[in-house]
Amino acid sequence: PIAKYNSGGGVAQLIVGAYDINLGGRNIEGGAQYERIGRANSGVIWFRDPRFLNRKLLFGLDLWDVRRTRILYKDQGKQLDESGGFLHHRKRARLEFGKEWTRWLFLSATLERYSEKFTSEYLPEKILEIQDDASLPENNGGYISSLTLRLGKIDYHAYRLSGSEFKLKYSRCMLNSEKDCY
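Here the structure is a predicted model, which means the values were calculated and not measured.

Quick notes on the rules
- Residues numbered from 1 in each chain as written.
- Predicted model: local features only at pLDDT ≥ 70, side-chain atom pairs only at ≥ 80, totals over all residues.
- Heavy atoms only, no water.
- Helix = DSSP H or I, 4+ residues; strand = E, 2+ residues; numbered from the N terminus.
- Salt bridge = Lys/Arg side-chain N within 4 Å of Asp/Glu carboxyl O.
- Buried < 20%, exposed > 50% of the residue type's maximum accessible area, 1.4 Å probe, protein only.
- Phe/Tyr/Trp six-rings, centres within 6.5 Å; stacked < 30°, edge-to-face > 60°.

A.B. asks: How should unusual backbone geometry be read in this particular structure?
C.D. replies: It is generally the case that most residues other than glycine have a negative phi and that most peptide bonds are trans. Residue Leu53 is not a glycine yet carries a positive backbone phi of 55°. Note that Leu53 resides in the loop between β4 (40-49) and β5 (57-76). With a phi close to 70°, Tyr122 is a non-glycine residue in the positive phi region. Note that Tyr122 resides in the loop between β7 (105-119) and α1 (125-130).

Dropping the structure here:
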């Protein structure tokens, strides 16, 4: 189980969830987590099966829906003044397939879809009074595809690690707009 509560600066944070790295004794990982910061709710669920279809195949799926309130500040010499803010709402879906060809050779492919939206939702009243919605960041989204090659392997024995590993990753980003990928 996951449980956490924080409070400070007038904002409370609550996190609850659960995960298991060996669901049903089958070496399958799954989990879910809910998070609330202030009035913004977020969540993530994930699933990984490193022996998909009872073979040396990896299947993974992550679904994210994350909201964060951001307050902007202007530097006024020795003082910082609030100058606006926004709610950053990010959605992400990630699908991964991989194959272990030998103990020392693993290849995986990942496809991720994401979107980012910026609004003045959930901002405190004092920020809304000075907020200029024209100054919000531009909404965006797109796809990221990746290929990863792993040579070698690190074995985990309790708290001891042994072995060596080299990873090579190639990623390509395709945005919905004309902007460059990050």
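A.B. asks: Explain the pattern of salt bridges to me, please; I cannot follow it from the model alone.
C.D. replies: Once their charged atoms are close, side chains differing in charge can pair, the charge on each being opposite to the other. Counted by the stated rule, this structure contains 13 salt bridges. The partner of Glu112 in a salt bridge is Arg92, and the shortest N-O contact between them spans 3.3 Å. Of the two residues, Glu112 is situated in strand β7 and Arg92 in strand β6 (residues 79-102); the sequence distance between them amounts to 20 residues. When its relative accessible area of 12% is taken as the criterion, Glu112 is described as buried. Judged by its relative accessible area of 23%, Arg92 is partly exposed. Salt-bridge contacts for Lys167 lead to Glu165; the nearest nitrogen and oxygen are separated by 4.0 Å. Taking the relative accessible area as the measure of exposure, Lys167 reaches 54% and is therefore exposed. Residue class for Glu165 comes out partly exposed when judged on its relative accessible area of 35%.

A.B. asks: Looking at this model, I keep getting lost on the packing of aromatic side chains. Mind explaining?
C.D. replies: The geometry of an aromatic ring pair is captured by two quantities: the separation of the ring centres and the angle between the planes. Scanning all chains against the criterion turns up five aromatic pairs. Relative to Phe59, the ring of Phe52 has its centre 5.1 Å away and its plane inclined at 25°; by these criteria the two rings are stacked. Assessed through its relative accessible area of 26%, Phe52 is described here as partly exposed. A centroid spacing of 5.5 Å and a plane angle of 75° characterise the contact between Phe86 and Phe118, whose relative ring orientation is edge-to-face. On the criterion of sequence distance, the pair formed by Phe86 in strand β6 and Phe118 in strand β7 is long-range, its members being 32 residues apart. The class of Phe86 is buried, set by a relative accessible area of 12%. Taken together, the ring pairs connect Phe47, Phe52, Phe59 and Phe97 into an aromatic cluster.

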